[in-house]
Amino acid sequence: MSNIKSDVRPLFTYTIGGVKIEMPVRPYPSQVSMMDKVIRGCQKQQNCLLESPTGSGKTLALLCSALAWQRAEKERLEKLSEEEFQQKLVEWQQKEQLKKQQKEKKQKKPNTPEKKPAETHISPAKNKGLCLSTDVTISDDSEEEMAIFKQPVKKRKINNSKNLDVSDGNSKSNDDSIMTNDSSANNSLMTEDEDENIEPKTENNLPKKSKPIIPVIYFCTRTHKQIEQVIKELQRTSFNNTRSCVLASREHTCIQDSNIYYPQISYKSKTELCRDLLDPRARRRNSIKLRRTIDRCSYYDNGGLKISTYGQLAKFGVQSVWDIEDIVRLGISKHSCPYYGTRLLLKTAEIVFCPYNYIIDPVIRSSMNLKLRGHVIIVDEAHNIEDQCREAASLQLDQTNMNLAKADLEKIYKSSGNSVTYGRLARYLSDMSKWIDQKSDEIKIYDEYNRGVLSWSGTYTIASFDEFGVGLTAFEVFKKDCETALADLAEESESDETKNSKKENVENELEVKDENDTIENNPSKDQNTDLAITNATKTLLSSICSVFSLFYDEKYKFDYHVSLAKVMHLKKFEHKERGITNKSIAGWINAGAAEANDTRPVWNNVVSFLCLNPAAVFDELKSSVRNIILTSGTLSPMQSFQSELGTQFPIALEAAHVIKQDQCWVTSVGVGPCGTDLNGQFQNINTFNYQDEMGKLLMDVCTVVPHGVLCFLPSYTLMEKLYSRWQLTGLLKSLSQIKVVMCEPRRGDQLEELMTKYYAAVRGDEGGPRGALFLAVYRGKISEGLDFSDNNARAVVAVGIPFPNFKEESVVHKKDYNNKHHKSKGLLPGWEWYQIQAYRALNQALGRCIRHKNDWGAILLVDSRYEQPKNQTGLSKWIRGRVEKNNSWTTIVAKLKNFVETRQLHDSTVAAL
């Protein structure tokens, strides 16, 4: 008993809106406020906009409240279903009694003994133990899970029961619950033929209980690393038996060796490898090239069936709340595909975790076959959702890739039986390429980088397309042909090959032998065996269909800006056969005859369809789901979400931080140690005075503040200028004697190793100076989701106001678009939108400072513009009320030193207790 008690988690129970919520810890007031908003939003089917600072328990509050509501909603819907079934049962009994009486009257004859029919009495209030004599299918797994497969399993005979008691499940038959389950086509344990066999051999067909559809919680965040943290939170709650599923690409879940055929065949991605190993035509083609048999992926096993139900996971010791590492580890041990296994687990999951582009991007959502109608969407770290939506509705068409896709389709056109479809697709891309050539000839002015640009409104482009013959009519035909071509590649059809896998392997061996004898004399034979379009072509077709559907929509045709860029650059040609020795370009097979490693100057055209209205994508999403909950630690300023996304958010929250006032010290910094104005405008930051002053400022901060210091800069360009200047003046050497100085890399794949060195330097593991200074950029990897708790960031120095690059094409057109439509569409004027983008990036960076209730740190807002109250209104609520204005750098350093010493003394006192 003692062991059992020790495993029980202490629970703090709250009832909000009639929903019982269990928390593993006593919630903060901000958590209670957030849970209240989530419950109200789900109950009333209203969208929510919730900001709660990092470290305030936002994730735990979201999980517990959403899953508690789901549990309560399930009970409510099942009760309604039960009441409906009771009513139908009463009506059925009344009809049957009436039929029986009418039948008795007709069959009754004079002087003939009456034959008493067997009675079937069912109490209206007793309906759960209904049993009939028949064969039924049973399984160790739930009916909901096993309905996916409809596999033949063991059968059991159920005894007759003349007087059926259906009161409360206490039937005379132990197997009564089997017959009360839903027997619809999608949820039955049996095939349709088996369903027919178990129908009662009587005219008294009983009513069937409908199974309610329980809303699924889709919990989305930015990266898989963040999903891993969310799952750890869920595992420590009382909801850790919830059926969960993590959606991830093959790059994260495929367990096949990428170099299985290296060096003869190399693959650019796990997706390309997977498709080649599952497609019999691709395997046949590669078998011919390698002159040996290539088998189907040994892990596939009919789509990961060995790890595709929660009953199987439990049997293998994996909890229902699992992470990618758990399912990959299980897939390896059971020799079963985690990627396809998770796709099957998705069908019965109660909560689904995924990166939010899986939900937002229509192309990805369609490829994953996500059905979101009636479900709840929670988007954590949603401060970037406007940009994500615009990006999902935008498209860049590279003419080179279009021509490669056209060649790919023409190859199918010449060899496939369904040649009309592929021929029309190739012709449409060819016509689009001709339109690009025509417009490219109109470019007469080029900049110093040999780049020329033309741009038009969306409506002008549509008119130009119509004139050229690639307008709406041609696109509608193209779209239907795309659906046909993409259906040929649908992953659901992959299971069809299972039936003939053994036969196919034998055929492969014979074909390899026969075709190897003829391939040298007939090279076209090898080409004709590859009858499937490449994954790159599929992606291009899907993207065109998705974006052009919005582009031609009357509602959104004014929301696009189209530009054509013509650029000259040196191109290195490596056009060999796909995957053999050298990689192909963008995944397409090259039809040209260029020599390998041939480098030459070429002109390339890229057409950009830039969507300026994020509502174009978000509108479709919000119209199908139950409600959407957007949340982040840094949603402020919040006023743009409703207008930009074209969606009402009736429920909003700006929660206070859980820390005390003395745990975070915030000041604006207008002048540096030498009195130089630190205004961060472009003309000032390029002066040596500003750059030298910034170096001296960081020297003082690093001297006073122990351990880790983060310094955020508006751009990589400024970071590189400062670093170079400090190297030249010797200031960098002085800084390096106090702390290890690091710079955020432009390439994300270099960051992990650098972060390891940073944490080690903060701990003092590396020897030399104890502590580190990390120079980072707003909107970079460092400002998003990395852990800088406690000593990892005792101060954050925020340099300048991070406005987006005002010369960037997307920014220019977005500002113009908002200025033009801010009245008709209720958008913010262009300048206000521009400011909000700056402060949202700033708030995200400042959130690195405080990561939990007991954390502490200093924030320095280094720019004289922050001393004006109007430039503080965009800050998050918890920072806004803490900003001090100090007139001299000496005062700032003194206060900073006092703050650090006070907090260190407090930590020492607490540690001694």
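What you see is a predicted model, and the numbers here were worked out from it, not measured in a lab.

**Structural notes on the overall build of the protein chain**
So, step 1. Across its full length, the protein chain carries 35 helices and 22 strands.
So, step 2. Residues classed as buried in the protein chain amount to 52% of the 913 residues present.
So, step 3. In the protein chain, the share of contacts with a sequence separation of at least 24, taken over all contacts with a separation of at least 6, comes to 79%.
So, step 4. When the accessible surface of the protein chain is summed, it comes to about 43,600 Å², and 49% of that surface belongs to carbon and sulfur atoms.

**A few points about the pattern of salt bridges**
So, step 1. For the structure on display, the rule yields 32 salt bridges.
So, step 2. Measuring nitrogen to oxygen at the nearest pair gives 2.8 Å for the salt bridge that ties Lys-209 to Glu-82. In this pair, Lys-209 is assigned in the loop between α6 (192-198) and β6 (217-221) and Glu-82 in helix α3 (residues 58-107), connecting sequence segments 127 residues apart.
So, step 3. Between Asp-408 and Lys-411 there is a salt bridge, with the nearest N and O atoms lying 3.6 Å from each other.

**Quick word on the packing of helix α28 (residues 688-704) against helix α30 (residues 731-738)**
So, step 1. Look at α28 against α30: their axes get within 10 Å of each other, and the N-to-C directions meet at 15°. The angle between α28 and α30 places the two elements in the roughly parallel class. Between α28 and α30 lies a crossing of left-handed hand. For the pair α28 and α30, contact is made by Asp-692, Gly-695, Lys-696, Leu-698, Met-699, Cys-702 and Thr-703 and by Leu-731, Ser-734, Leu-735 and Ile-738, respectively.
So, step 2. Of the residues contributing to the contact of α28 with α30, the split by class is six nonpolar, three polar and two charged.

**Description of a nonpolar patch on the surface**
So, step 1. Taken together, the side chains of Tyr-446, Met-568 and Trp-603 present a nonpolar region at the surface, about 280 Å² in accessible area.
So, step 2. Within the secondary structure layout, Met-568 lies in strand β12 (residues 560-573).
So, step 3. For Met-568, a relative accessible area of 31% corresponds to the partly exposed category.

**Quick notes on the nonpolar core**
So, step 1. Formed by 140 residues in total, the largest nonpolar core has its most connected members in Phe-353, Leu-397, Phe-478, Phe-548, Phe-609 and Leu-630.
So, step 2. With nine residues, α3 is the single largest residue contributor to this core.
So, step 3. The residues touching Phe-353, leaving out its near neighbours within four places in the chain, are Leu-63, Phe-219, Ile-227, Val-230, Ile-231, Leu-234, Ser-244, Cys-245, Val-246 and Leu-247.

**Focus on the sheet that holds strand β9 (residues 376-379)**
So, step 1. With parallel pairing, seven strands are arranged side by side in an open sheet as β7-β8-β6-β9-β14-β3-β15. Of all strands in the sheet, those bounded by a partner on one side alone are β7 (244-246) and β15 (651-654). Adjacent strand axes in the sheet meet at a mean angle of 15°, parallel and antiparallel pairs treated alike.
So, step 2. In the packing of helix α2 (residues 29-44) onto the sheet, the strands contacted are β3 (48-51), β9, β14 (627-632) and β15, and the crossing angle to β15 comes to about 170°.

**With respect to helix α32 (residues 809-821)**
So, step 1. With 13 residues, α32 extends 18 Å between its outermost C-alpha atoms, agreeing within 8% with the 18 Å of an ideal straight helix rising 1.5 Å per residue.
So, step 2. Residues of α32 that are buried: Val-811, His-813, Lys-814, Tyr-817, Asn-818 and His-821.

**Brief notes about the packing of aromatic side chains**
Aromatic rings considered in pairs are described by the distance between their centres and by the relative angle of their planes.
So, step 1. Applying the stated criterion to the full structure yields 28 aromatic pairs.
So, step 2. A ring pair is formed by Phe-475 and Tyr-552, whose centres lie 5.4 Å apart and whose planes are at 25°; its orientation type is stacked. You can see Phe-475 sitting in helix α21 (residues 472-488) and its partner Tyr-552 sitting in the loop between α24 (535-551) and β12, a full 77 residues away along the chain. Neither Phe-475 nor Tyr-552 differs from the other in exposure class; each is buried.
So, step 3. It is Lys-566 that lies over the ring of Trp-603; its NZ or CZ is 5.3 Å from the centre.
So, step 4. The ring of Phe-688 is capped by Arg-725, whose NZ or CZ atom sits 4.0 Å from the centre of that ring.

**Side note on unusual backbone geometry**
So, step 1. Even without being glycine, His-335 reaches a positive phi, approximately 55°.
So, step 2. Note that His-335 resides in the loop between α13 (324-334) and α14 (338-345).
So, step 3. On the basis of relative accessible area, His-335 is assigned to the partly exposed category, the value being 35%.

**Digging into the sheet that holds strand β19 (residues 772-777)**
So, step 1. Read across the sheet, seven strands follow the order β18-β19-β17-β20-β21-β16-β22 without closing on themselves; strand pairing throughout is parallel. If you trace the sheet from one side to the other, it starts and ends with β18 (740-743) and β22 (883-885), each paired once. Shown here is a sheet whose adjacent strand axes are inclined to one another by a mean of 20°, direction ignored.
So, step 2. Strand direction decides the pairing type here: strand β17 (residues 708-713) and β19, joined by six bridges, are parallel.

**Digging into the state of the cysteines**
So, step 1. For the structure on display, the rule yields zero disulfides.
So, step 2. With no disulfide of its own, Cys-245 lies closest to Cys-354 among cysteine sulfurs, the gap being 9.4 Å.
So, step 3. Residue Cys-245 is classed as buried on the basis of its relative accessible area, which comes to 0%.
So, step 4. With no disulfide of its own, Cys-337 lies 6.3 Å from the sulfur of Cys-274, the closest cysteine sulfur.

**Overview of the environment of Leu-735**
So, step 1. As for its position among the elements, Leu-735 is in helix α30.
So, step 2. Beyond its immediate stretch of four places on either side in the chain, Leu-735 contacts Leu-698, Met-699, Cys-702, Trp-726, Val-741 and Leu-773.

**Side note on the packing of helix α29 (residues 716-729) against α30**
So, step 1. Interhelical geometry of α29 versus α30 gives an angle of 95° and a closest axis separation of 5 Å. In this view, α29 runs roughly perpendicular relative to α30, as classed from their interaxial angle. Contacts between α29 and α30 involve Tyr-723, Trp-726, Gln-727 and Thr-729 on the former and, on the latter, Leu-731, Leu-732 and Leu-735.
So, step 2. Across the contact of α29 with α30, the residue classes tally to five nonpolar, two polar and no charged.

**What about the environment of Asp-361?**
So, step 1. Tracing the backbone shows Asp-361 in the loop between α15 (357-360) and α16 (362-367).
So, step 2. When the C-alpha positions of Asp-361 and Ala-392 are compared, they lie 5.1 Å apart, and in sequence the two are 31 residues distant.
So, step 3. A polar contact is formed between the side chain of Asp-361 and the backbone nitrogen of Val-363, at a distance of 2.9 Å.

**Section: the side chain of His-813**
So, step 1. For His-813, the position within the fold is in helix α32.
So, step 2. Of note is the side chain of His-813, whose polar atom sits 3.2 Å from the side chain of His-561.
So, step 3. Those residues within four positions of His-813 in sequence are excluded, and the remaining contacts are His-561, Leu-610 and Leu-612.

**Quick word on the confidence of the model for the protein chain**
So, step 1. Looking at the protein chain as a whole, the pLDDT averages 81, with 80% of positions reaching at least 70.
So, step 2. Residue range residues 1-8 is modelled with pLDDT below 50. Its contacts to residues more than four positions away, or to other chains, number zero contacts.

**Topic: the pairing of strand β20 (residues 795-799)**
So, step 1. A large share of β20 lies buried, amounting to five of its five residues.
So, step 2. Here β20 shows two buried faces, one formed by Ala-795, Val-797 and Val-799 and the other by Val-796 and Ala-798.
So, step 3. In this sheet, β20 lies alongside β17 in parallel orientation, the contact comprising four bridges. Its bridge partner being in β20, Val-709 is matched across the sheet by Ala-795.
So, step 4. Of the strand pairs in this sheet, β20 and strand β21 (residues 857-862) are connected by five bridges, and their pairing is parallel.

So, how was this worked out
- Residues numbered from 1 in each chain as written.
- Predicted model: local features only at pLDDT ≥ 70, side-chain atom pairs only at ≥ 80, totals over all residues.
- Heavy atoms only, no water.
- Helix = DSSP H or I, 4+ residues; strand = E, 2+ residues; numbered from the N terminus.
- Buried < 20%, exposed > 50% of the residue type's maximum accessible area, 1.4 Å probe, protein only.
- Contact = heavy atoms within 4.5 Å.
- Areas by Shrake-Rupley, 256 points an atom, 1.4 Å probe, with all protein chains shown as cover.
- Salt bridge = Lys/Arg side-chain N within 4 Å of Asp/Glu carboxyl O.
- Axes fitted to C-alpha atoms, helices over the stretch in contact; angles between N-to-C directions.
- Parallel < 35°, antiparallel > 145°, perpendicular 65-115°, else oblique.
- Left-handed = near helix turned anticlockwise from the far one by under 90°.
- Nonpolar A, V, L, I, M, F, W, Y, C, P; charged D, E, K, R; others polar.
- Patch = residues over 30% accessible without salt bridge, like charges linked within 9 Å, V, L, I, M, F, W, Y side chains within 5 Å.
- Core = buried A, V, L, I, M, F, W, Y, C linked by side-chain atoms within 4.5 Å.
- Pairing = 2+ DSSP bridges.
- Expected span 1.5 Å × (residues − 1).
- Phe/Tyr/Trp six-rings, centres within 6.5 Å; stacked < 30°, edge-to-face > 60°.
- Lys NZ or Arg CZ within 6 Å of the ring centre and 35° of its normal.
- Disulfide = S-S within 2.5 Å.
- Polar contact = N/O pair within 3.5 Å; in protein donor to acceptor, adjacent residues only side chain to side chain.
- pLDDT = per-residue confidence, 0-100.

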